[in-house]
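Commentary on secondary and tertiary structure
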Amino acid sequence: RLTYYNTPVALQEATMSKINKNDKNRFDAILWVNNFYKEYKKDNNIKGLYLHGNFGCGKTYMVAALFNDLAREGYESTIIFWPEFIRNVFSDEFNARYEQVKNTPLLLIDDIGAEQVTSYNRDEILCPLLQHRMDEKLPTFFTSNLTLEQLEELLADTKQGVDSVKAARIIARIKQLTDTKEL
């Protein structure tokens, strides 16, 4: 019930009961995840989460734990390591994977902002993916080391030049899809 693309095997063993709850700075994010776990079972058309913070603080683990616990109850989800996922855009199996990612009931786009941004992967891969998920009201999660403001700056500046409008469109979709928490 849980599909992983280019993610560590250790995430498959993550559970919400193993999330570190000793740091009070994690409280808001943990509370949000616990609430999502309860609410998703009642209404699966709810917002996902944009979770940002320092390297190695447990962002991906927290969302993987949520997805794993929901998978044990029959809910389907997908976790993709974004930099590697878009690096394979021209592989033979990409189209099938992309369709699966677009339509999975729950999606985690892990480590957005760590990729090499091109206008193609921003405008032809990410934007349609987010638009589809927004239109279909599919909960979408993101982890990043960047705030939304920093991600917008990164997405604006590609090898092809600076395009602030297209970057702003992506951020608007992320905001529509998610609540934002810092870990």
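Scroll up for the structure.
Residues numbered from 1 in each chain as written. Predicted model: local features only at pLDDT ≥ 70, side-chain atom pairs only at ≥ 80, totals over all residues. Heavy atoms only, no water.

So, on to the nonpolar core. Grouped together as the largest cluster of nonpolar side chains are 30 residues, with contacts concentrated most on W82, F85, I109 and I174. Of all the secondary structure elements, the ones that give two or more residues to this core are α3 (82-87), α4 (94-103), β4 (107-110), α5 (119-135), α6 (148-156) and α7 (164-177). Formed by 28 residues, the second largest nonpolar core is a distinct cluster that contains A14, M16, L66 and I79. (Core = buried A, V, L, I, M, F, W, Y, C linked by side-chain atoms within 4.5 Å. Buried < 20%, exposed > 50% of the residue type's maximum accessible area, 1.4 Å probe, protein only. Helix = DSSP H or I, 4+ residues; strand = E, 2+ residues; numbered from the N terminus.)

Attention shifts here to helix α1 (residues 27-40). For the α-helix, the turn length of 3.6 residues means that residues three or four positions removed from each other point alike. The first and last C-alpha atoms of α1 sit 20 Å apart over 14 residues, in line with the 20 Å expected at 1.5 Å per residue. Among the residues of α1, those classed as buried are A29, I30, W32, V33, F36, Y37 and Y40. Looking down the long axis of α1, one finds its buried residues gathered within 160° of arc, a one-sided arrangement. Among the exposed residues of α1, those oriented more than 90 degrees off its buried face are F27 and K38. Here the buried face of α1 lies against β2 (48-52), α2 (59-71), β5 (140-144) and β8 (178-182). (Expected span 1.5 Å × (residues − 1). Arc of directions from axis to C-beta. Contact = heavy atoms within 4.5 Å.)

Further remarks concern the side chain of T178. Note that T178 resides in strand β8. Within polar-contact distance, the side chain of T178 engages the backbone oxygen of I174 at 2.7 Å. In contact with T178, other than residues within four places in its own chain, are K47, G48, L49, Y50, T140 and F142. (Polar contact = N/O pair within 3.5 Å; in protein donor to acceptor, adjacent residues only side chain to side chain.)

In this section: the packing of α6 against α7. At a closest axis distance of 8 Å, the pairing of α6 and α7 adopts a crossing angle of 145°. Between α6 and α7 the crossing geometry is right-handed. Contact residues: L148, L151, E152, L155 and A156 in α6; S164, A167, A168, I170, I171, I174 and K175 in α7. Taken together, the residues of the contact of α6 with α7 break down into nine nonpolar, one polar and two charged. (Axes fitted to C-alpha atoms, helices over the stretch in contact; angles between N-to-C directions. Left-handed = near helix turned anticlockwise from the far one by under 90°. Nonpolar A, V, L, I, M, F, W, Y, C, P; charged D, E, K, R; others polar.)

Scanning the entire structure with this criterion turns up eleven aromatic pairs. Between F36 and F141 the ring centres are 5.0 Å apart and the planes differ by 85°, which places this aromatic pair in the edge-to-face class. With F36 in helix α1 and F141 in strand β5, this pair connects stretches of sequence that are 105 residues apart. Take F141: its relative accessible area is 0%, and that puts it in the buried class. With a centroid separation of 5.3 Å and 65° between ring planes, the pair formed by Y40 and Y75 is classed as edge-to-face. Of this pair, Y40 sits in helix α1 while Y75 sits in the loop between α2 and β3 (77-81), placing them 35 residues apart in sequence. A relative accessible area of 4% places Y40 in the buried class. Taken together, W32, F36, Y40, F67, Y75 and F141 form an aromatic cluster joined through their ring pairs. (Phe/Tyr/Trp six-rings, centres within 6.5 Å; stacked < 30°, edge-to-face > 60°.)

Turning to the packing of α4 against α5, a few remarks are in order. Running from amino to carboxyl end, α4 crosses α5 at an angle of 35°, the nearest separation of the two axes being 9 Å. Two packed elements cross with a definite hand, and for α4 against α5 that hand is right-handed. Two secondary-structure elements touch here, α4 through F94, Y98, V101, K102 and N103 and α5 through E124, I125, P128, L129, H132 and R133. A class-by-class count of the residues in the contact of α4 with α5 yields six nonpolar, two polar and three charged.

So yeah, pure geometry; function would need other evidence.
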